[in-house]
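# Tertiary structure, described
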Amino acid sequence: MTMKSERLQVNKLELQGIRLACWCLILALFTVPSFARQQNAVRGQVTATDGSALAGVSVQVRGSGAGTVTDGEGNYTLQAGADAVLVFSYVGYSTQEIRVGTQSTINVQLQTDLAALDEVVVVGYGTQRRTDLTGSVASISPTEFEEQPVTRVDQVLQGRATGVQVSNASGAPGSDARIRIRGANSVLGDNNPLYVVDGFVGVDFNTINPNDIESIQILKDAASTAIYGSRGANGVVIVTTKKGTRSGFNVTYSAQGSRSYLINRWDVLNAGEFADIANTRSDDMGISRIFTDQEVADFKQRGGTDWQDLVFRPAWGQQHQLTVSGGGEKTTYMVSGNYLNNDGIINNSGFKRYMFRSNISSNLTDDISIRVNATGSRTENSNTNLLSGTGNPVVQALSWAPTTSAYDADGGFTTADPVGSVMVSPVALMYDRANLNQGNFVNLIGGLNYHLPVEGLTLDLQYGVNYLNRQSQSYNGPVVSRNNPSASRSSAEDWTLQGTASLSYNRVFNEAHRVDAVAVFETQQFVTNNFSSTGNGLKFPSLEYYNLQLANSFAVGTGFSKWTLLSYLGRVNYAFRDKYLLSVAVRHDGSSKFGEGNKYSTFPTVGIGYNLAEETFIRDLNVFHSLKLRGSWGKTGSQAINPYATLSSYNTNAPVAFDNSGITSGIMLGNPGNPNLRWETTEQVDIGLEMSFFQGRLALEADYFNKNTTDLLLNQSLPAYVGGGSLTKNIGEVHNKGFEVALRGIILDSDDWNWTSNFNISRVTNEVVSLGGIAPRIGQGTGVGAGMSTTNEFMLIPGYSLGSYWGLKYLGTWKPGQEADAAVFNAKPGDSRYEDINDDGEITTDDFQVIGRGIPATTAGWNNTISYKSFTLNVFFQGVFGIDKLNYTRAAAMSGSGDARQYILSEIKDRYIPGVNETSDIPAFSATNVVYTQSSRFIEDGSYIRLKNLSLSYKLPTLNKLGISVFVSGTNLFTITDYKGIDPESSNIGSGTDTAQGIDYGAYPNSRTYTAGVNLSF
């Protein structure tokens, strides 16, 4: 071999060696950034004293810049030498330090530090230290409601988080609730918040079992919610469910029984008083008396029918919860089952629920873990939504005369009231019809988490399936239907498919720079398929809805919809020396609901924070335990349209005349589509201040927010000559602003005594800024007050809030000396008087004006937990202020006309009586009196303060690892309010709209409930 060839061979070997060295260097840079100091991988899990995993615990190598935080299951991985000391810190828990030595797995159980604040919260697509937050996030721990017999998430949220308004619009078991975060933004869309459970977006809150909840985070400002883009405009509620533990086998069982009662009753006339008043009215109006003197005397002696006693009842309820959890070094599991059965306080109504959950996670290797969460539920709702209009047993209980018997001589329903109501008996309305709704829900989530060979870099893949099947059956019997019995059945199924891939990076550099970043790609698909059938004139009514083909006529309907969402998002959180904070996020959403050119929209956000408590001059004051100033700005969106709103619809049953021979069914244009529709956009600014004192025992958090929704989707009515209907446009604007204050204190903390108190208050101002010039105002009807309303009960008007009541202003009664003025309106003293806005001498719809607001201005909550040794007392107050209610129930019972021909409430005894009681504003019995029920006479202050919960529990001494505690509880024990109805909280308007709300027309009232239970743990 020549020298030249030898040299070439050496050069090739050197080149190969250099290449190999370069690859080794690159590999080392990515896998072992500091080999000299980090020599082996250390892994483990951090848990609390109860064995639950702690997410976001800071794990630092003492004296080094190296560190990480635990993931959602409490796991961590980092590089550390044998001499290294790991520091585990989590505000709210005592810090622990452990030397590594020869250990490769270090599991840590942190002890609770009551004097500290919770540090880590779950945010969108990840976790973050509370001290690093730049957004407004409220947290609710199970410890805040574990002493209370809650059955749904809305009961958990009510009164416990600032900026969150919760009202149980219906007191029926299993009914819907209205939940709003920082006001209402949309007119056409649903203003309920977005619910995210274990990473699955868009879960129905009714399918969440409160007993399975590990934590709840409420994201309120744009810096927090913009990560959910087009679905975060109404706020986000993130629920994390309980996981298994590595501490062996654990079993818990709880059982509770309850008894519920009507919280209030209408003060009505008894039979004798009713007969007397009816005769007096007849005398005053110059018509024949209804009852003879002997009949009046008989009613006074033997009484009559108490319709409220026949409609309402004490109701029993029970709930059972069984949870099994445990695991080993590799795998953990949690399996729970729940059974709930509550009768309603209205006869023949009730609700049952069966729930199941299984959360399993397993570490396949040191770097790869998988998880599978499965949830299932079945609900059975019986006759809780039959309270509509005059077909409402509550309304009819105040319309049917107490002088009329409920049953005839043969024991059947009395079919007609000769004196009071012209409608069906309230007893028949409860028992001669049915409305049953079943829901079957399944949610499956599978995920894989991979710690990549780059320190702090993690890949997470998750796919979920959400399935909901709804079945409904209804029946109207011969009495209710006036001998034309009918029945119907319907079925619908909803599918939601979600795939999420996220790449997160979490590192601490040089003990000064903390970086937390995430990039996500997500897809969702939504499919709805339904059908319905109705049979009228049933030949065999006893078969109800089980044999619809045996009917005289039929109606069949079907429906289908499908839409998809494609999203890219990213977020970077940066903290310098835990003092200066920056958070930047952006989400890019594409929706199939919109046409070409408008499918995609981008939602950015930025937040900044300043932990002043880290400054030396603040520390030297020796006043603050923590002090942080933060601010944020961002945009979120809303898809407040149906999947095919950009397309024109057609009416397939339109009457068409081709000649003079008659009318045939044809097809004509319905609502025209608008291909230019785009997203509603909500821009929000938030400024917050957080501070704590006395080692964290007293904490205060305050926020001011200002958010504006533009491109508001509104329907513009079209004239008949262009086809009629309405056209949806992006033309409106709605504004919300307000403040929130939360105060938390550990008042007592000793060996025997502990007292924790949490108070919060929120105020929101809502205003319609613009209707896009399509009209000076837009009416919003409900259909609730059939026969009671002259026109739409609500009106959208710039300068006023959503849910503004529209009606006449009641000025009381005409008084003596005003005969001439009253005569202009064909009235006399004692008759109703209304404001004549245009001074035309007539009371018409031209005199209608805004007479109230249905959206509350202020909400508050005060929760106290007091412990003495083994006893724990919980006292929870909730308040709502600055809200009006339209009391149509009272209006119907005090109108003396229409469906209810007589007066039934005792307040009629205080009416205007010429020469006797001429100061009263209750109109006299007069043939010239005109009652407008849609007036401020029946608009009442719906503000209230309510003792929502009072409970006492006692924990018995542990017996052979068996823990036993017992408790008693009272819910809605008393209410302070000026509202004249049964319940200021309930209404007939569902939770899906804010343009119309607050009407009480026989609404299902909330109940006063007493509960006793036992909790067992092993």
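Please read all numbers here as calculations on a predicted model, not as lab measurements.

We now examine the overall build of the protein. Helix and strand counts for the protein come out as 11 helices and 50 strands. The C-alpha radius of gyration computed for the protein amounts to 33 Å, which stays within 12% of the reference 31 Å derived for 1018 residues, consistent with globular compactness. Along the first, second and third principal axes, the C-alpha set of the protein runs to 135 × 80 × 60 Å. Looking at the 1018 residues of the protein, the share that counts as buried comes to 54%. A separation of at least 24 residues holds for 69% of the contacts in the protein among residues at least 6 apart in sequence.

Moving on to the packing of aromatic side chains. As enumerated under the stated definition, the model contains 29 aromatic pairs in all. Every member of this aromatic cluster is reached through a ring pair, and the members are Phe274, Phe291 and Phe299. The aromatic ring of Phe876 is capped on one face by Arg160, whose charged end is 4.4 Å from the ring centroid. It is Lys593 that lies over the ring of Trp563; its NZ or CZ is 4.3 Å from the centre.

Inspection of the secondary structure assignment puts Asp432 in the loop between helix H8 (426-431) and strand S22 (433-451). If we ignore the near neighbours within four places in the chain, the residues touching Asp432 are Phe413, Tyr475, Asn476, Gly477, Pro478, Val479 and Val480.

Okay, the packing of helix H4 (residues 271-284) against helix H5 (residues 293-302) next. Two measures define how a pair of helices packs: the angle their axes make with one another and the distance between the axes. It is the contact of H4 with H5, at a shortest axis distance of 7 Å, that shows an interaxial angle of 155°. When the interaxial angle is binned, H4 and H5 end up roughly antiparallel. Contacts between H4 and H5 involve Ala271, Gly272, Ala275, Asp276 and Asn279 from the former and Val296, Phe299 and Lys300 from the latter.

The pairing of strand S25 (residues 513-538) with strand S26 (residues 551-576) spans 25 bridges and is classified as antiparallel. The residue bridging Phe526 from the neighbouring strand is Trp563, located in S26. Across 12 bridges, the pairing between S26 and strand S27 (residues 580-591) is antiparallel. Considered in S27, the bridge of Leu565 is made with Ser591. Hairpin connection, S26 to S27: the antiparallel pair is bridged by 3 residues, and Arg577 has positive phi, about 55°.

This part covers the sheet that holds strand S44 (residues 884-887). Sheet strands pair via backbone hydrogen bonds, and the direction of the pair is either parallel or antiparallel. Taken together, 3 strands build an open sheet; the order of strands is S45-S44-S49 and the sheet is mixed. Across the chains shown, the open sheet's two edge strands, defined by having one partner strand only, are strand S45 (939-941) and strand S49 (999-1000). When S44 meets S45, the two strands line up antiparallel, connected through 3 bridges. Bridge assignment links Leu886 to a residue of S45, and that residue is Ile939.

It is worth spelling out the confidence of the model for the protein at this point. The predicted model of the protein averages 89 in pLDDT, with 93% of residues at 70 or higher. This stretch, residues 1-38, has a pLDDT under 50; its non-local contacts, to residues over four places away or in other chains, come to 17 contacts. Counting interchain partners and residues more than four positions distant, the pLDDT-below-50 stretch residues 114-118 has 20 contacts.

A contiguous patch of negative charge, built from Asp839, Asp840, Glu842 and Asp846, is present on the exposed surface. Looking at the element boundaries, Asp840 is found in the loop between strand S40 (832-834) and strand S41 (849-853). Taking relative accessible area as the criterion, Asp840 reaches 37% and is therefore assigned partly exposed.

Spatially, 4 strands are ordered S36-S37-S38-S41 in an open sheet, and the strand pairing comes out antiparallel. Both outer strands of the open sheet, strand S36 (778-780) and S41, are each paired with one neighbouring strand and no more. Taking each pair of neighbouring strands and ignoring which way they run, the sheet shows an average axis angle of 45°. As paired elements, S36 and strand S37 (residues 794-796) share 3 bridges and run antiparallel to each other. Paired with Gly779 across the bridge in S37 is Met795.

A full pass over the atoms with the stated rule returns 42 salt bridges. Note that Arg182 is salt-bridged to Asp703, the shortest N-O span being 4.0 Å. With Arg182 in the loop between strand S12 (178-181) and strand S13 (194-197) and Asp703 in strand S33 (residues 698-717), this residue pair connects regions lying 521 residues apart in the sequence. Residue class for Asp703 comes out buried when judged on its relative accessible area of 5%. Residue Asp686 pairs with Arg630 through a salt bridge whose shortest N-O separation is 3.3 Å. Highlighted residues: Asp686 in strand S32 (residues 680-693) and Arg630 in strand S29 (residues 624-638), separated in sequence by 56 residues.

This paragraph deals with a nonpolar patch on the surface. Together, Ile747, Leu748, Trp753, Tyr868, Phe871, Leu952 and Val968 make up an exposed nonpolar region whose accessible area comes to about 610 Å². Within the secondary structure layout, Leu952 lies in strand S46 (residues 944-955).

Before going further, it helps to examine the environment of Ser421. On the secondary structure map, Ser421 appears in the loop between helix H7 (393-397) and H8. The residues touching Ser421, leaving out its near neighbours within four places in the chain, are Gln396, Ser399, Trp400, Asp899, Ala900 and Arg901. Among the polar contacts listed, one links the side chain of Ser421 to the backbone nitrogen of Met423, at a separation of 2.9 Å.

Calculation criteria
Residues numbered from 1 in each chain as written. Predicted model: local features only at pLDDT ≥ 70, side-chain atom pairs only at ≥ 80, totals over all residues. Heavy atoms only, no water. Helix = DSSP H or I, 4+ residues; strand = E, 2+ residues; numbered from the N terminus. Rg over C-alpha atoms; globule rule 2.2 N^0.38 Å. Buried < 20%, exposed > 50% of the residue type's maximum accessible area, 1.4 Å probe, protein only. Contact = heavy atoms within 4.5 Å. Phe/Tyr/Trp six-rings, centres within 6.5 Å; stacked < 30°, edge-to-face > 60°. Lys NZ or Arg CZ within 6 Å of the ring centre and 35° of its normal. Axes fitted to C-alpha atoms, helices over the stretch in contact; angles between N-to-C directions. Parallel < 35°, antiparallel > 145°, perpendicular 65-115°, else oblique. Pairing = 2+ DSSP bridges. pLDDT = per-residue confidence, 0-100. Patch = residues over 30% accessible without salt bridge, like charges linked within 9 Å, V, L, I, M, F, W, Y side chains within 5 Å. Areas by Shrake-Rupley, 256 points an atom, 1.4 Å probe, with all protein chains shown as cover. Salt bridge = Lys/Arg side-chain N within 4 Å of Asp/Glu carboxyl O. Lys, Arg positive; Asp, Glu negative; His and termini not counted. Charge placed at Lys NZ, Arg CZ, Asp CG, Glu CD. Polar contact = N/O pair within 3.5 Å; in protein donor to acceptor, adjacent residues only side chain to side chain.

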